[in-house]
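# Close look at the chain arrangement
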Amino acid sequence: MIVQLAFETLAIAGCAFAIALTLGLPAAVIVVRGGIVGKIVAFLATAVRAIPDLVLAIICVAALGLGPVAGVTALGINTGAVLAKLFAELLLAVRREPEEALRAIGASPLTSFLIGLVPEAWPGLVGFAAYALESIIRGSVIVGIVGAGGLGSAIVQSFNLANYHEFFMYIAWLVVIVILVDALSGWLRERAPAFAAVGVFCAIAAAGVAGIALSGNVSGSDLARALPRVVHFLADEMPPDFSAKVIATATDGIEVTIVVAIVGTFGGALLAVPLALLAAPRIALGWMRGTGYAPWSYVPMIISRFGLAIVRAIPPLALGLLALSIVGLGPKAGAVALALHTAGVLGKLFGESLEIAPLTEAESLVATGAPATAAALVGLVPGALNALLSHLAYRWEWNVRASTTLGMIGAGGIGQAIFNAQQLLFYHQLIAYVIFAVALVVAGDVVSQAFRARLHLRTVLR
Amino acid sequence: MLEFIDVEQRYGKHTALDGISVRVGRGERLALVGPSGAGKTTFFRLAYGAFVPTSGKVLFDGTDFATLHGHALREARSRIAVVFQTHGLVERLSVRANVLAGTFGKRSTIDALRCTFAPNGGETEAARSALESVRLAERLRDRVFALSGGQRQRVAIARAVVQQAELVLADEPAASLDPELAREIVDLMLADSRARGTTLICSLHQPQLAESFDRVIRLDHGRVVSDEAAGTSLFSI
């Protein structure tokens, strides 16, 4: 039973990965080539990325009906748009000389691209593809909510039946799979030879498509027709319903969603700082004589590192369900789940920033007899501050999306409005709410980018 | 004041200090010269007890650093000031906070943080008078990253002054400065040492700067190759 569920999850992930690569790679190449088509594709990719994943899944369900096709399509499109952006940025950032040189001696554009440009970008391409695989596995819970099958659906069903024993067991299995896939992706990124990476990626994608197609009620043509049907659905449900009632619900919802995102981000950061200070080996164990908390401080260090890793490995939506079961329906649960997940991610990133920040200041303070904790706080933390704030801004962007998503499982806000509209089959309203949600996400991104631009400026000025 | 007894320091296969014995008396002004990689920085890090040497002993005021722990270690270090080539200043904080950091050795963590972010009138006055001795009082409230390299070194010296340190360790304080400024910084440190009767150990790249010291030790490949009163020999680097 469990094994079958795990394989289903992997099949969903593999299939979504196949869709993401088929959409993302060509889109990136088109964006890089530029021109009017490139601009249109770039705009589409940006627009799709702004739609929170579960919102996209709901749209796919509305268009395609409940089931694996909707889930896989949503996950594939979402990740494909992310990959399109990452791949395009990467291809634009690498050295162009080898490609130019090949063109100059008369090689065909495709040859120059494949021989001249791709090898330059290779480590990044593999890294981003591996990253996509990781996030797809985490996303399998999201599509579980729309009945795609696998562990994600099992988690949601056992939660709905209040069968918490199974609920926790499924989450534990998912965490194990997430950790294994992270390990695989880490190996692919850092150590695997180039062809092994291609082989593994192709095998995962092929196995996923085969797994979904062989699972019975889905045919290959269903998968192939999914995307056109989603587009067709969207065209049919125009124009959106912007009546006064919808707008009132949307503004109330946006307010709740923003509050949840703020509490989640800053609550998470407040939790993350002490955890990072415990988890960073340099601070916990010391960087010179007379520093480090205590001879036994590796114990809290290992515990906090382990705790951070576990919290990170639990997909945020599963954390959300957990929080709902403890705190009850409503925004509070969303804020708790977001804060925990944020603490896991920021704790790790803060810890890493502290590990690479310059030590000179802290060392000079300790050398003059300062208490180690004061030396770390005054001498080391300011050096890591820019990185810390920049991570915080990224988390804020991410949390605005996640806060919308959590709303759809009962944490209130604009997400709840989207979910209700879908349940009642009010598709004109649904699209209006989605537009509001996308506007909110874009606004969140703009705020964060302005903040980071300021940070960058300050770094340059000094 | 400070004594190295047959000190050897190895990092893996690399030997940074290869059996050094040096005795520095109270009030002595010692210049340490030698090419990069000669072991100067390791010498300084051992002099404030950053770690215990592979073998041999480092005595501070007669006590082996290796036997000091916790509060006693902090107590000993509070009598030592350091000036680094890279200043060892916290760039995001004000000049005043950086100068007052010299008093951390006598403060608890909470008090140190309070003094950094909310110094009282007396502390501000102490910082100002220390900065006056290096002619930088007008920059009291500026952030350190707005200062030039020479000004930063003067802040580091003011920190040693406010600390009332008995031993000042300066690792290449003049290395990132132009010759004129380098001379000025070294003179400031010598003047402070004479005024307060402190011991000064200063490593230098440019041998001509070592002339005004009492004694010059030349290190190479982790060994002492010469140890003489200043001005008694012509050495070259």
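Each chain has its residues counted from 1, running along the sequence as written. The lettering of chains begins at A and the numbering of ligands begins at 1, in the order of writing. Restriction of local features to residues with pLDDT of at least 70 applies here, the model being predicted, together with a cutoff of 80 or more for giving and counting side-chain atom pairs; totals for whole chains, interfaces and linings are based on all residues.

## Quick look at the pairing of strand β9 (residues 215-220) of chain B
Residue and element names in this part refer to chain B. Convention followed: Here, strands pair whenever DSSP counts at least two bridges between them. The way it works is that DSSP assigns letters per residue, a run of H or I at least four long becomes a helix, a run of E at least two long becomes a strand, and they are numbered from the N terminus.
In this sheet, β9 lies alongside strand β3 (residues 29-33) in parallel orientation, the contact comprising four bridges. Within the sheet, the bridge partner assigned to A31 lies in β9 and is V216. Alignment of β9 against strand β10 (residues 223-229), held across six bridges, turns out to be antiparallel. Following the sheet pairing, R218 is matched in β10 by S226. Hairpin geometry of β9 and β10 is characterised by an intervening segment of two residues between the two adjacent antiparallel strands and by a positive phi of about 50° at H221.

## What to know about the environment of A393(A)
Residues and elements named next belong to chain A. The test is simple: Note on contacts: residues are paired as contacts if their backbone-placed C-beta atoms lie within 7 Å.
Mapping A393 onto the fold places it in helix α17 (residues 372-411). Placed 51 residues apart in sequence, A393 and T342 show a C-alpha to C-alpha distance of 12 Å. If sequence neighbours within four positions are ignored, A393 has contacts with S448, F451 and R452.

## Digging into the nonpolar core
All names here are of chain A. Quick note on the threshold: Think of a nonpolar core as buried Ala, Val, Leu, Ile, Met, Phe, Trp, Tyr and Cys residues chained together by C-beta atoms that fall within 7 Å. Working definition of burial: number of other C-beta atoms within 10 Å of the residue's own, with buried at 20 or more, exposed at 12 or fewer, and partly exposed in between, all C-beta atoms being placed from the backbone. Those domain boundaries reflect an automatic or database domain assignment.
Counting residues in hydrophobic clusters, the biggest one holds 229 residues, and the most contacted among them are F17, A57, I58, I155, I418 and Y433. At 19 residues, α17 tops the list of elements feeding residues into this core. Each of domain 1 (2-236) and domain 2 (244-461) accounts for three or more of the residues forming this core. With near-sequence residues (within four places) excluded, I155 lies in contact with V141, G144, F167, Y170, I171, L174, A318 and L321.

## Section: helix α2 (residues 35-50) of chain A
Residues and elements named next belong to chain A. The line we're drawing: Expected span, for any helix, means 1.5 Å times one less than how many residues it has. To be clear, the arc concerns the directions from the helix axis to the C-beta atoms.
Spanning 16 residues, α2 covers 23 Å between terminal C-alpha atoms, matching the ideal 22 Å at 1.5 Å per step. Three or more residues of α2 are buried, namely V41, A45 and R49. Summarising the axial view, the buried residues of α2 lie within an arc of 70°, below the 170-degree limit, and thus occupy one face. α2 presents I36, K39, I40, F43 and A47 as exposed residues on the side facing more than 90 degrees away from its buried surface. Considering only its buried residues, α2 is in contact with α1 (2-33) and α4 (68-93).

## Considering the domain arrangement of chain A
Residue and element names in this part refer to chain A. The test is simple: Each residue gets one label: Ala, Val, Leu, Ile, Met, Phe, Trp, Tyr, Cys and Pro are nonpolar, Asp, Glu, Lys and Arg are charged, and the others, such as Gly, are polar.
Assigned domains within chain A: domain 1 (2-236) and domain 2 (244-461). Once you take the C-alpha centre of each, domain 1 and domain 2 turn out to be 25 Å apart. Facing the 21 residues of domain 1 at the interface are 23 residues of domain 2. When contributions to the side of domain 1 that touches domain 2 are tallied by element, the ones reaching two or more residues are α3 (53-64), α6 (109-145), α7 (150-160) and α8 (164-190). Per-class residue counts for the side of domain 1 that touches domain 2 are 19 nonpolar, no polar and two charged.

## Digging into the packing of helix α6 (residues 149-163) of chain B against helix α7 (residues 179-196) of chain B
Residue and element names in this part refer to chain B. Rules: Axes here mean lines fitted to C-alpha atoms, for a helix over just the part in contact, with angles spanning 0 to 180 degrees between N-to-C directions. Any angle between 65 and 115 degrees counts as roughly perpendicular, while under 35 counts as roughly parallel, over 145 as roughly antiparallel, and the rest as oblique.
Interhelical geometry of α6 versus α7 gives an angle of 10° and a closest axis separation of 10 Å. Relative to α7, the element α6 is oriented roughly parallel. Of the residues in α7, those in contact with G150, Q153, R154, I157 and V161 of α6 are L181, E184, I185, L188, M189 and D192. The class makeup of the residues in the contact of α6 with α7 is six nonpolar, two polar and three charged.

## Concerning the environment of V52(B)
Residue and element names in this part refer to chain B. Mapped onto the elements, V52 comes out in the loop between α1 (40-47) and β4 (55-60). The partly exposed category is assigned to V52, around which 16 C-beta atoms lie within 10 Å. Here the alpha-carbon distance between V52 and V7, two residues 45 residues apart in the chain, equals 9.9 Å.

## Points about α6(B)
All names here are of chain B. Under the 1.5 Å per step criterion, the end-to-end length of α6 is 21 Å for 15 residues, consistent within 8% with the ideal 21 Å. When you tally the buried positions in α6, you get 12 out of 15 residues, the bulk of the element. Looking only at α6, the buried set comprises R152, Q153, R154, V155, A156, I157, A158, R159, A160, V161, V162 and Q163. The inward-facing, buried residues of α6 abut β6 (80-83), α3 (95-100), α5 (121-133), β7 (167-170) and α7. At the C-terminal side of α6, Q164 shows a positive phi close to 55°.

## Overview of the sheet that holds strand β2 (residues 14-24) of chain B
Residues and elements named next belong to chain B. Within the open sheet, the four strands sit side by side as β2-β1-β4-β5. Their pairing is antiparallel. What marks the edges here is a single partner per strand, and that holds for β2 and β5 (63-64). Sheet topology places β4 next to β5; two bridges connect them, and they run antiparallel. Paired with L59 across the bridge in β5 is D64. Helix-sheet contacts for α1 involve β1 (2-11), β2 and β4, and the interaxial angle to β1 is about 120°.

## Observations concerning the interface of chain B and chain A
Counting from both sides, the interface comprises 32 residues of chain B and, opposite them, 21 residues of chain A. Those elements giving two or more residues to the side of chain B that touches chain A turn out to be α2 (70-77), β6 and α4 (109-117) of chain B. Within the side of chain B that touches chain A, the residues separate by chemical class into 17 nonpolar, 10 polar and five charged.

## Some points on unusual backbone geometry
Residue and element names in this part refer to chain B. With a phi close to 55°, Q164 is a non-glycine residue in the positive phi region. Mapping Q164 onto the fold places it in the loop between α6 and β7. Overall, the presence of 16 C-beta atoms within 10 Å leaves Q164 in the partly exposed class. For E172, which is not glycine, the phi torsion reads 50° and is therefore positive. Residue position: E172 is located in the loop between β7 and α7. Residue E172 is classed as buried on the basis of its 20 C-beta neighbours within 10 Å.

## Considering the confidence of the model for chain B
Residues shown with low pLDDT carry predicted positions that ought not to be read at fine detail. Heads up, the rule is: Confidence of the predictor at the level of single residues is given by pLDDT, which spans 0 to 100.
Across chain B, the average pLDDT comes to 85, with 96% of residues at or above 70. ipTM for the predicted complex: 0.82, alongside a pTM of 0.72.

## Let's talk about the environment of G253(A)
All names here are of chain A. Among the secondary structure elements, G253 is positioned in helix α11 (residues 244-279). The exposure class of G253 is buried, given the 24 C-beta atoms found within 10 Å. Between the C-alpha atoms of G253 and G413, which are 160 residues apart in sequence, the distance is 3.7 Å.

## Thoughts on the packing of α2(A) against α4(A)
All names here are of chain A. Rules: Crossing chirality is assigned from the near helix's rotation relative to the far helix, an anticlockwise turn below a right angle marking it left-handed and a clockwise turn marking it right-handed.
Two elements in contact, α2 and α4, have axes separated by 8 Å at closest approach and are oriented at 130°. The orientation of α2 relative to α4 falls into the category oblique. α4 is crossed by α2, and the crossing has left-handed handedness. Of the residues in α4, those touching α2 at A45, V48 and R49 are I77, N78, A81, V82, A84 and K85. Residues of the contact of α2 with α4, tallied by class, amount to six nonpolar, one polar and two charged.

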